Amino acid sequence: MNLMNIKMNRVVFIHGLDSSSKGTKAAWFGRHFPEMVIADFEGDLSQRMKKLESILAYRQNVTLIGSSFGGLMATIFALENEAAVSRVILLAPALNFPEFSEYKGRKTAIPAWLFIGKKDKVTPSDIVIPAARQTFSNLIINESDDDHLLRNTFEKIDWQDLLLQDQ
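Residues numbered from 1 in each chain as written. Predicted model: local features only at pLDDT ≥ 70, side-chain atom pairs only at ≥ 80, totals over all residues. Heavy atoms only, no water.

1. A closer look at the pairing of strand β3 (residues 62-67)
The element β3 is largely enclosed, with a buried count of six among its six residues. Burial of β3 is two-sided: the residues V62, L64 and G66 facing one way and the residues T63, I65 and S67 facing the other way are all buried. As paired strands, strand β1 (residues 11-14) and β3 are joined by four bridges and run parallel to one another. Paired with I14 across the strands is G66, a residue of β3. Where β3 and strand β4 (residues 85-91) come together, six bridges link them in parallel fashion. Residue pairing for β4: S67 is matched across the bridge by L91. (Buried < 20%, exposed > 50% of the residue type's maximum accessible area, 1.4 Å probe, protein only. Helix = DSSP H or I, 4+ residues; strand = E, 2+ residues; numbered from the N terminus. Pairing = 2+ DSSP bridges.)

2. Brief notes about unusual backbone geometry
If you check the backbone angles, N61 has positive phi at about 55° while not being a glycine. For N61, the location among the structural elements is in the loop between α3 (45-56) and β3. Backbone geometry at S68 places phi at a positive 55°, although glycine is not the residue there. By the element assignment, S68 lies in the loop between β3 and α4 (69-80). On the accessibility criterion, S68 (11% relative accessible area) is buried.

3. Thoughts on the pattern of salt bridges
Taken as a whole and judged by the stated rule, the model has two salt bridges. Salt-bridge contacts for D145 lead to K119; the nearest nitrogen and oxygen are separated by 3.6 Å. With a gap of 26 residues between them, D145 in the loop between β6 (139-144) and α6 (159-164) and K119 in the loop between β5 (112-117) and α5 (125-135) connect regions that are remote in the sequence. Since its relative accessible area comes to 52%, D145 is described here as exposed. One salt bridge in this structure joins R151 and D147, with 2.6 Å as the shortest N-O distance. Exposure remark for R151: the relative accessible area of 60% places this residue in the exposed category. (Salt bridge = Lys/Arg side-chain N within 4 Å of Asp/Glu carboxyl O.)

These results come straight from atomic positions and should not be treated as a statement about function.
Below you can see the structure in the form of structure tokens.
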């Protein structure tokens, strides 16, 4: 197994509430980074978090990529398991959803990248960006002229650099 494959085995994509491992972003990751962990999540937040915890149970130095509700999950996992997570990449994360309320005020130094669209009506940037700033002390914000699905932004992200750069 080469170095890229070893690193990609520590990268986990977490899809959104109404998506799956067959969704647009998951399928793109599967084509470009076939060693990436891409699972299906169903049920409420508690059920989804239990599955995520079982997937990550023995992994260290993990990179979490969370899209929408998956971004909420990635954030919660990072807050609860700081030692296991090396970085978090949030794609229009649902930090405005009620499920995040009990985590407000908690902070982590885990490096995080936030990609969000100015036209996002599901996770509005004017709510999500301040929540992300309050949560991640080491945050890079990428706000674009895009919608919730990041249709114009997602494939233009330099994923190779972002996922494979040294920690």
